Amino acid sequence: MTYLQAFKSTAMAVTIMLALSACGEKKEEAASEGASTATSEAASTATSDAAPAASTATSEAAAAAPAGGSLNIYNWGNYTNPKLIEKFEKENNVKVTVTDYDSNDVALAKIKAGGHGFDIVVPSNNFVAVFINEGLLEETKPNTMSNFKNMDPRWVDVDFDKGRNYTVPWQWGTTGLTVNTGAYKGDPNTWAILFDTPAELKGKTNVVPEMNDVIGAALAYKGFNPVCNGNKDELKQVRDVLMASKPNWISMDYGNVEKYAKEDIMAGLNWNGASMRARLQNPKIVYGYPKEGLAVWMDNVAVIKGAANIENAKKFQNFIMDPENAALISDFAKYANGITGSDKFLDKEFAAAPEINLPEGQKTFIQAACPPEVTELYTAIWTELTK
Amino acid sequence: MADGKSASNPAASAAAAVDRRDTRNRWLLSAPALIILLFAAIGPLIIVVVYSFLKKGDYGGVEWQFSGDGWYSVILQKDIFTDAVTVADAHVSILLRSVKLSFFTTILALLFGFPTAYFIATRNEKSRELWLFLITIPFWTNLLIRTFAVMEVIRNEGIVNSLLLGLGVIDAPLQIMFTDFAVMMGLLYVYLPLMVLPLYASMERIDFRLVEAGYDLYATRWRVLRHVIFPLVKPGVIAGSILVFIPSLGAYVTPRVLGGGRNLMLGNLIEMQFGQGRNWPLGAALSITLMAIVMIALLLYVRNASKTEARHG
Amino acid sequence: MAEVAQGNNLGTNPGTNLGTNQGGSVAVRKKWGRGFDIKKQSGFTTIAMICFVMLYAPILTLVVYSFNAGTSVAIWAGFSWRWYESAWANQQVYDASIRSLTIATFAAVVSTIVATMAALATTRTKPFPGLTFIYAFINQPLMVPEIVTGIALLIFFAAIKVATGYTGLGYLLIAHTAFCIPFAYLPIRARLENMDLSLERAAADLYATPFKTFRYVTLPLLWPGVLAGGMLAFVISLDDVVITELVKSGGQDTLPTYMLGQLRRIVTPEMNAISSVFLAISIVMVTIFFLLNRKKT
């Protein structure tokens, strides 16, 4: 190939690229009108009407930035319902940008470093205190906001944010067990499934690679305090339990919905929403509530200190405490929210799902931000476990 | 260069001046790459070196206080229960596993990549380009997706197992997923073009009259391959091996997805220290250790290569 | 041995060199019989074919499942376009794809140019002061796990972002360019090491300016290496997750970081659909590339 020919081909490629991005701009304009966004469920119906609407709307819609300014949300991936964003944009005439992260640690590191440009972050319960202690959150006083009355009282006086001076609930869930009843007929409601694995499940179980969840579950199994336990004698027993049961686990992995549905994995430590999704594909799957106790977690919407769009961020906190809007959040990611009255906007089947409703008298605990000496112990056990 | 002896000899000093100008020009030519790297890759690494000597922060990050703990815990560990100091056997075994898996991945990549690159390089000029692109097309999909695609193939109900079951070769699905073998296959799949492309780039230049001369001298195909072709494409082999071995060593996604995250590799261990482990100084020290190992290997190679080059004049 | 090869090569176009030798010389044919192909190595074609099958089997599975009507990436539930529709309607996916392509194009072009210059400077020379240093410097991004570069860049760029107030795409562009440089450099270097200076010297003897020599002699010979380097750089940039995740500012998700965010929750065939579209784009580009070349020759 000669240089000239190659040059021409490159030019061609660049032209295609430019053409593509030109289409992109056009589409962006169309979308800012709010014509096209769809959840995975509604996709096929939504898009067919959206397309023509979008093309007619372009001319008037786009140009000027919305009068209400903008809002930059930093949230877990695949966690934010586009319909919710669209609604907030319309009501407040604001341009919202959502950026994804995949772990609390990345979010913390980034926000601590500064210069990120985000207004809102959604840390889990055990990270909220860290964010507050490190002075990274704005004290927005959600407890004085107009929709605060809707918050489920059990979520108001939580340890990580007493009386809710910083955060409002996004979604909450539990960390329990997913069990395939086709492979195992016994009682799914015990951590023994992971730590004293029945013969049928040996070599077929999975745990999510979350240090605190796994060590917490093992502590609960042994009947010890499962929250930031620094007792070395107890931890030693827990380490032995973990090391002894590791050969029975097939993997330590996330993203397991299809692996459970396709029966690559028959049982494991899992989140309730993920377990529900697996059950919807494979009816043999149940969600076990370990009688020894299981972790309840909550992700919370907080405003970052010194955010550029503080007023919009506050509006957003208030906005999601409205039951109808909270229902939109749950409808998308399939976890419960902490707002009373959102049930009536939700699918009946979802609201009644066994994964969402804790059984009467279930023992639970909420993970906290562990002090460094406990983290050090946990990390040492964890490293040994994964060597 | 400009010592007393050469200064007394005008021809030598002129040559030295030419040499100096040549050196300056070569530095200038390299400058843009060096500046970009200095700004966005190497400069910031000074931060990592500094961090490895600091005290770890309570919730990630560091405190600006000198501490040797990070380096100390790279090789040594204090047993959390007995306080006995031992060699950090977890770190060592993860390091050894990473080296082993990356090494075998590189060998596999070479075994598959060499014939493939050769096959492409010996097509006629027009179809060569087509084959070359056929190699790269799968890599237009993102690494995560490719890894997931591999999983679809090797999982218990995947293509390989269904095929073998269907043919009656096996009666129960083979457990390929979540093994070291799966990680190796995944790494091979992901990094194969990094082997094929440099190999191709040097094979495309083979002058087949040399091969012909070999056959004239009654060499067998194997001897021609071994003694004529292989030496000619050695730079490509080395470039390809570096490009496969090093990313494999630090691989993060593949061991996690295909290995089931049960047995970590170095990349995961380091990530763990910056993440859930909240021990940035240790993470920094571990990465510098990894860098040092690779750097030594590379420098040895460069020394070797420049010797060969010098012979070429 | 390379000396001899290069000497013989003077004046011939290495491209055609391969084609015309098909079948070997009369002498060889006499010794080894008719139809003896000197380029053949037994089993190589088979292995190459296995290689291609291996490369494409997972990809084909992926494309097939992108047409799955069900929500699962694992269970087939009939044919449908729904994931293409939902991917198209998903503004985040669309923006992320365009951003990924923009960054990869920029990073590939810039890193290939600077890597070519650096490769020219560091090959075909006797060792000069700093040669080893330059070589180690250029390959340094290969030696560092992504997470480390990522954390370092996070801290470094955050300081710059705070100081300057600029939070644009520039950080991602330069970060990607930097870690693409060694991937572009190594194939080009490998190619250059097989080229000797006789043609360039001949051109210089004919009073060609250094630029003309480069443009009409060096570059055409070097081009396959440049192409390989550029393609590698492009693919590497398109793949990067960890560094991008840590460097990106608000609203700068690329396709991989967007997908990484999805992984922990659920993977839908929408991801397969997006990948299939990327594949289709590349196939179209290859086809155009190919047809254009054919017309020329």
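Just so you know, the residues in each chain are numbered from 1, in the order the chain's sequence is written. Written order decides the labels, with chains lettered from A and ligands numbered from 1. With pLDDT at 70 or above as the cut-off, local features in this predicted model cover only qualifying residues; side-chain atom pairs require 80 or more to be listed or tallied, and sums for whole chains, interfaces and linings still use all residues. Side-chain numbers come from the whole structure's heavy atoms, not from hydrogens or water.

### Digging into the state of the cysteines
Residue and element names in this part refer to chain A.
Argument step 1. Count a disulfide wherever a pair of cysteine sulfur atoms falls within 2.5 Å. As enumerated under the stated definition, the model contains one disulfide over all chains in all.
Argument step 2. One disulfide in the model links Cys-228 with Cys-370; its S-S distance is 2.0 Å. Sign of the S-S torsion, about -90° for the bond between Cys-228 and Cys-370, identifies this disulfide as left-handed. Of this pair, Cys-228 sits in the loop between helix H7 (211–221) and helix H8 (232–245) while Cys-370 sits in the loop between strand E12 (364–365) and helix H14 (372–386); the two residues are 142 residues apart in sequence, bridging distant segments of the chain. Runs of E in the DSSP output that reach at least two residues are strands. Runs of H or I that reach at least four are helices, and both are numbered from the N terminus.

### Brief notes about the pattern of salt bridges
Residue and element names in this part refer to chain A.
Argument step 1. Salt bridge criterion: a side-chain nitrogen from Lys or Arg within 4 Å of a carboxyl oxygen from Asp or Glu. All told, the structure shown has 21 salt bridges over all chains when counted by the stated rule.
Argument step 2. As a salt-bridge pair, Glu-384 and Arg-239 come within 3.6 Å of each other at their nearest N and O atoms. With Glu-384 in helix H14 and Arg-239 in helix H8, this residue pair connects regions lying 145 residues apart in the sequence.
Argument step 3. Categorising residues by exposure relies on relative accessible area from a 1.4 Å probe, with only protein chains included: less than 20% of the type maximum marks a residue as buried, more than 50% marks it as exposed, and the intermediate range marks it as partly exposed. Classification of Arg-239 by relative accessible area gives buried; the value is 13%.
Argument step 4. Here the salt bridges share partners, and the residues they tie into one network are Arg-239, Asp-240 and Glu-384.

### Focus on the domain arrangement of chain A
All names here are of chain A.
Argument step 1. Segmentation into domains, and thus their bounds, comes from an automatic or database assignment. Along its sequence, chain A is carved into domain 1 (66–172 + 298–351) and domain 2 (173–296 + 358–386).
Argument step 2. A straight line from the C-alpha centre of domain 1 to that of domain 2 covers 28 Å.
Argument step 3. The quantity reported as buried area is the accessible area (1.4 Å probe) lost by two parts once they are put together, taken as the sum for both. Note on domain 1 versus domain 2: buried area summed over both sides is about 1,100 Å², and carbon and sulfur give 61% of it.
Argument step 4. Considering only the surface of domain 1 that becomes buried against domain 2, Asn-126, Trp-172 and Tyr-335 emerge as the three largest contributors, covering 45% of it.
Argument step 5. Linking domain 1 to domain 2 there are zero salt bridges.
Argument step 6. Those elements that place two or more of their residues in the side of domain 1 that touches domain 2 are helix H5 (125–133) and helix H12 (323–333).
Argument step 7. Ranked by the residues each element gives to the side of domain 1 that touches domain 2, the list is headed by H5, at four residues.
Argument step 8. Amino acids outside the nonpolar list (Ala, Val, Leu, Ile, Met, Phe, Trp, Tyr, Cys, Pro) and the charged list (Asp, Glu, Lys, Arg) are all regarded as polar, and Gly is one of them. Tallied by class, the residues present in the side of domain 1 that touches domain 2 amount to nine nonpolar, two polar and two charged.

### Overview of the environment of B:Asn156
Argument step 1. Summarising the element assignment, B:Asn156 is placed in the loop between helix H6 (143–154) and helix H7 (159–167).
Argument step 2. Spatially, the C-alpha atoms of B:Asn156 and B:Ala172 are 9.1 Å apart, while their sequence positions differ by 16 residues.
Argument step 3. What makes two residues a contact is simply this: any of their non-hydrogen atoms within 4.5 Å. Leaving out residues up to four positions away in the same chain, B:Asn156 has contacts with A:Asp264, B:Asn161, B:Pro173, B:Leu174 and B:Gln175.

### Concerning the confidence of the model for chain A
Argument step 1. Confidence of the predictor in every single residue is expressed as pLDDT, which spans 0 to 100. Across chain A, the average pLDDT comes to 82, with 83% of residues at 70 or higher.
Argument step 2. Highest mean pLDDT in chain A belongs to strand E3 (residues 120–121) of chain A (96); lowest belongs to helix H2 (residues 43–61) of chain A (36).

### Describing the interface of chain B and chain C
Argument step 1. Between chain B and chain C, the residue contacts involve 110 residues of the former and 126 residues of the latter.
Argument step 2. For the pairing of chain B and chain C, the buried interface totals around 11,300 Å² over both sides, and the portion due to carbon and sulfur atoms is 75%.
Argument step 3. Three residues stand out in chain B for area buried against chain C, namely B:Trp140, B:Arg205 and B:Arg221, and they jointly supply 8% of the buried area on that side.
Argument step 4. There are three salt bridges connecting chain B and chain C.
Argument step 5. One salt bridge in this structure joins C:Asp239 and B:Arg146, with 2.4 Å as the shortest N-O distance.
Argument step 6. We call two N or O atoms a polar contact when they sit within 3.5 Å, provided that within protein one can donate a hydrogen and the other can accept it, with sequence-adjacent residues counted only if both atoms are side-chain atoms. Applying the counting criterion to the chain B and chain C interface returns 10 residue pairs in polar contact (both at pLDDT 80 or more).
Argument step 7. Top contributing element to the side of chain B that touches chain C by residue count: helix H2 (residues 10–52) of chain B, with 22 residues.

### Considering helix H5 (residues 125–136) of chain B
Argument step 1. Between the first and last C-alpha of H5(B) there are 18 Å, a value that for 12 residues agrees with the 16 Å anticipated at 1.5 Å per step.
Argument step 2. Where H5(B) is concerned, the buried positions are B:Ser127, B:Arg128, B:Glu129, B:Leu132, B:Phe133, B:Ile135 and B:Thr136. Residue count minus one, scaled by 1.5 Å, sets the expected span of a helix.

### Let's talk about the side chain of B:Asn268
Argument step 1. Relative to the helices and strands, B:Asn268 is located in helix H13 (residues 266–274).
Argument step 2. With near-sequence residues (within four places) excluded, B:Asn268 lies in contact with B:Ala251, B:Tyr252, B:Pro255 and B:Arg256.

### As for the nonpolar core
Argument step 1. Here, the term nonpolar core denotes a set of buried Ala, Val, Leu, Ile, Met, Phe, Trp, Tyr and Cys residues that are joined through side-chain atoms within 4.5 Å. In terms of nonpolar packing, the biggest core is built from 300 residues, with A:Val121, A:Leu242 and A:Phe316 touching the most fellow members.
Argument step 2. Considering every element that reaches this core, the biggest residue donor is helix H8 (residues 180–203) of chain B, with 16 residues.
Argument step 3. Taken domain by domain, this core gets at least three of its residues from each of domain 1 (66–172 + 298–351) and domain 2 (173–296 + 358–386) of chain A.
Argument step 4. Setting aside chain neighbours within four positions, we find A:Leu242 in contact with A:Phe195, A:Val214, A:Ile215, A:Ala218, A:Trp249, A:Ile381 and A:Leu385.

### A closer look at the packing of helix H4 (residues 89–121) of chain B against H5(B)
Residue and element names in this part refer to chain B.
Argument step 1. To obtain each axis, a line is fitted to C-alpha atoms, and for helices this fit is confined to the stretch in contact; angles are then taken between N-to-C directions over 0 to 180 degrees. Contact geometry of H4 with H5 gives a least axis separation of 8 Å together with a crossing angle of 150°. Classified by the angle between their axes, H4 and H5 sit roughly antiparallel to one another. Touching Thr-116, Phe-119, Ile-120 and Ala-121 of H4 are Arg-128, Trp-131, Leu-132 and Ile-135, all from H5. Each angle gets one of four labels, with under 35 degrees taken as roughly parallel, over 145 as roughly antiparallel, 65 to 115 as roughly perpendicular, and the rest as oblique.

### Overview of helix H4 (residues 44–65) of chain C
Residue and element names in this part refer to chain C.
Argument step 1. An ideal rise of 1.5 Å per residue puts 32 Å on 22 residues; H4 measures up with 32 Å between its terminal C-alpha atoms.
Argument step 2. To get the bend at a given residue, fit one axis to the seven residues ending there, fit another to the seven starting there, and take the angle between those axes. Of all the bends in H4, the greatest reaches close to 30° and is centred on Tyr-56; the proline Pro-58 follows between one and four positions later.
Argument step 3. Those residues of H4 that fall on the buried side of the exposure criterion are Phe-44, Ala-48, Cys-51, Phe-52, Leu-55, Tyr-56, Pro-58, Ile-59, Thr-61, Leu-62 and Tyr-65.

### Some remarks on the side chain of C:Lys161
Argument step 1. Tracing the backbone through its elements, the reader meets C:Lys161 in helix H8 (residues 146–164).
Argument step 2. Although C:Lys161 lies buried, it forms no salt bridge, and the closest oppositely charged side chain, C:Asp253, sits 12 Å away as judged by the N-O distance.
Argument step 3. Setting aside residues no more than four positions away along its own chain, C:Lys161 makes contact with A:Gly115, C:Tyr166, C:Thr167, C:Tyr171, C:Val247, C:Lys248 and C:Ser249. Charged-residue counts in this description rest on Lys and Arg as positive and Asp and Glu as negative, His and the chain ends being excluded.

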